[in-house]
Structures are given as structure tokens and as C-alpha cells.
Amino acid sequence: LFLGDAAGIPTLNAASIYKYDAPHKLFIHGMPHMALSDTSAADAWATDSAAGMSAIVTGRKTNNGVISQSAEAVRGVRDGEPLDTILEIAERNGLSTGVMTNMPVTDATPAACYAHANDRRQAGEIFVQLLKPRYGDGVDVLIGPVPDGVYAQTEKMGLNIRAELSKAGYAVRDSLDAVSTSDKRTVALLKTDDYDLWDGIQRAVSILSKNPKGYFLMVEWDGHTNNLRRGLDRVIELDTAIRKTSELVSKDTLIIFAAAFLWKPSFAAV
């Protein structure tokens with residue numbers, strides 16, 4: 001599952017024009033099955049990433065700011081029912097699972113895959129849920145930046161998060177280059193969001209695809225265009241990575257691109 005944060009229809013076409021001087025020229029545009037999905041929040045037409053990604057990975061709408069809990073949740077006040085995510089269903093069925101992002105690993109989009117919280121700002125509580133999976137042994141590969149605030153929050157909870165991850169069987173890495181394809185379970189806690197997307201995908205797929213039952217991998221790449229050139233370059237980078245992934249993986253692998261943005265996300269599958 002490739003997730004372009006803020007990379008909806010207008011951004012995709014802008015990226016195509018930027019790269020190819022014509023609309024609808026991205027690899028994503030040529031994927032054989034395309035549709036629109038309504039992931040508006042339960043309490044508003046305009047969704048944030050928490051409610052939007054929760055809808056994508058659980059099939060249920062929830063309120064803005066809520067991570068993979070039902071709409072009975074009140075942000076920062078009351079929990080809703082935990083909703084099973086795609087990643088958790090994969091874990092329940094013995095598949096390997098991974099999450100990769102250039103946003104903080106506790107941010108709404110990656111968190112919605114593995115955690116449940118009534119407020120997306122609960123970064124420490126969200127991160128600790130990696131160590132308390134509801135199904136299976138939880139996320140097998142996690143790659144992405146970690147803000148210093150997460151360490152501070154988990155320390156207040158009495159946890160040395162790196163030590164706890166090691167005890168849980170993870171190889172804890174500080175850079176993408178340190179991630180070994182011989183790792184069985186790995187967490188790469190990066191200090192930057194500027195790393196090689198395609199390199200990360202290859203490493204993650206190499207580790208996860210060892211499971212004969214298969215795997216689920218979510219890859220988020222930021223497509224916000226408040227910095228126009230940087231945002232469009234990242235969309236092109238993601239599009240290229242999706243094309244290369246389609247050439248790398250077996251033909252029975254389902255590849256989905258979805259976009260989280262304010263109204264109706266586009267998605268495509270091959």
C-alpha cells in the first residue's frame with residue numbers, strides 16, 4: 001500500500017506536468033484499476049490524516065484526530081472501539097508486516113496501521129503500541145524518522161524504548177544503510193526524512209518476502225506542496241518507486257496507491 005500524503009488528483013497532475021509537460025503521464029495514471037473513495041471524517045466533510053488513513057486501513061470512518069478507533073471516540077477524551085487494520089489482519093493470518101515513511105513513525109498515517117488512540121498527538125503512547133500488538137508479533141519492519149519528543153515521552157512512562165525494542169527481538173538501527181536484509185525484524189529510527197525511498201523499499205521487501213505466507217507493507221511518502229518543487233519532486237520519486245516495485249515483486253502481488261487529502265482520495269491498483 002503506497003500512500004501519497006496530500007498527493008491527490010490535483011497534485012498528481014501537477015507532478016505529471018512538472019515532469020513530462022503533460023497531464024496523466026505518471027506510472028500511477030496508467031495503473032489498470034482506478035477509482036475514488038470517500039474517506040471524509042465521521043464528524044466533518046474535510047478529513048485529517050488520522051481519520052483519512054483510519055478509513056483506508058480499517059474500512060470505517062472515524063472522527064478527525066482519532067487513530068483507528070470507532071466514531072464513538074472523542075478526541076483526547078474518550079476511546080472508541082479499536083478497529084482492525086489491514087496490517088493487523090495480515091498479522092492475524094501469519095503474514096509479515098512493515099511500515100515505512102518519511103514522516104514521523106508516530107504520525108497519523110503510519111500510526112493508523114499499527115496503533116489505536118483517541119488523539120493523534122499521543123506520540124509516546126502510540127509508539128509503545130509497537131511492543132503490544134493485538135495480533136501476531138506486530139510490525140516486523142519499521143523505517144522512518146523519530147522526533148526527540150517521542151523518546152522524552154516514553155522515558156516519562158519509565159521505558160527505554162531502544163532497550164525494549166531489542167528485548168522484543170528487533171534489530172534497532174540508526175540509519176537506512178544499517179538495515180540488513182538478513183534482519184528478521186528491524187526498526188530503523190532515522191534522524192532525517194531525507195533518505196532513499198527506493199533503497200528502503202528494496203530492503204523492506206527483501207526482509208518481508210521471506211515469509212512464504214506473504215506480507216503487507218505500507219509506504220508513505222509526503223506529497224505536500226507548500227514547498228512546490230520539493231513536494232512535486234517527492235511525488236515523482238514515489239511514482240518511480242511504485243513502477244520499480246511492480247517490476248521487483250511477484251506478479252500475484254497487489255499494489256495499491258492511495259492518497260490522503262481533504263476530500264475524495266484517488267487510488268489505483270495493479
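Residues numbered from 1 in each chain as written. Predicted model: local features only at pLDDT ≥ 70, side-chain atom pairs only at ≥ 80, totals over all residues. Heavy atoms only, no water.

Undergrad: Before we move on, can you summarise the pairing of strand S7 (residues 215–222) with the specific residues and values?
TA: Counting buried positions over the 8 residues of S7 gives 7, a clear majority of the element. Taken together, the 6 bridges between strand S3 (residues 96–101) and S7 define a ladder with parallel strand orientation. Residue pairing across strands places Met100 opposite Val219, the latter belonging to S7. (Buried < 20%, exposed > 50% of the residue type's maximum accessible area, 1.4 Å probe, protein only. Helix = DSSP H or I, 4+ residues; strand = E, 2+ residues; numbered from the N terminus. Pairing = 2+ DSSP bridges.)

Undergrad: Help me get a handle on the pairing of S3, residues and values and all.
TA: Of all 6 residues that make up S3, 6 are buried, and the element is covered over most of its length. Along S3, one buried face is formed by Ser96, Gly98 and Met100 and the opposite face, lined by Thr97, Val99 and Thr101, is buried too. Where S3 lies against strand S4 (residues 141–145), 3 bridges are found, and the strand directions are parallel. Its bridge partner lying in S4, Val99 is registered against Leu142.

Undergrad: Lay out the pattern of salt bridges in plain terms, naming residues and giving numbers.
TA: All told, the structure shown has 20 salt bridges when counted by the stated rule. Here Asp84 makes a salt bridge to Arg134, at a shortest N to O gap of 3.0 Å. Placement of the pair is Asp84 in the loop between helix H2 (49–58) and helix H3 (86–92) and Arg134 in the loop between helix H5 (123–128) and S4, with a sequence separation of 50 residues. Residue classification places Arg134 among the partly exposed positions, given a relative accessible area of 37%. With a shortest N-O distance of 3.6 Å, Arg234 and Asp193 are connected by a salt bridge. Taken together, the residues Arg234 in helix H9 (residues 228–248) and Asp193 in the loop between strand S6 (186–190) and helix H8 (197–208) connect sequence positions 41 residues apart. Three or more residues are tied together by salt bridges with common partners; here these are Asp84, Glu88, Arg92 and Arg134. (Salt bridge = Lys/Arg side-chain N within 4 Å of Asp/Glu carboxyl O.)

Undergrad: Lay out the packing of aromatic side chains in plain terms, naming residues and giving numbers.
TA: Applying the stated rule across the entire model yields 1 aromatic pair. For the ring pair Tyr195 and Trp221, a centre distance of 5.3 Å and an interplane angle of 90° mean the geometry is edge-to-face. Residue Tyr195 is found in the loop between S6 and H8, and its partner Trp221 is found in strand S7; the two are separated by 26 residues along the sequence. A relative accessible area of 9% places Tyr195 in the buried class. Its end group placed over the ring of Tyr135, Arg92 keeps NZ or CZ at 5.2 Å from the ring centre. (Phe/Tyr/Trp six-rings, centres within 6.5 Å; stacked < 30°, edge-to-face > 60°. Lys NZ or Arg CZ within 6 Å of the ring centre and 35° of its normal.)

Undergrad: Tell me about the environment of Asp233, and name the residues and values.
TA: In this structure, Asp233 sits in helix H9. Measuring from C-alpha to C-alpha, the distance between Asp233 and Tyr18 comes to 8.8 Å, with 215 residues separating the pair along the chain.

Undergrad: Give me the packing of helix H1 (residues 9–20) against H9: which residues, what numbers.
TA: Running from N to C, H1 and H9 cross one another at 90°; their axes reach a closest spacing of 9 Å. When the axes of H1 and H9 are compared, the pair comes out roughly perpendicular. Taking contact as the criterion, the partners of Thr11, Leu12, Ala14, Ala15, Tyr18 and Lys19 in H1 are, on H9, Arg229, Leu232, Asp233, Val235 and Ile236. Partitioned by chemical class, the residues of the contact of H1 with H9 number 7 nonpolar, 1 polar and 3 charged. (Axes fitted to C-alpha atoms, helices over the stretch in contact; angles between N-to-C directions. Parallel < 35°, antiparallel > 145°, perpendicular 65-115°, else oblique. Contact = heavy atoms within 4.5 Å. Nonpolar A, V, L, I, M, F, W, Y, C, P; charged D, E, K, R; others polar.)

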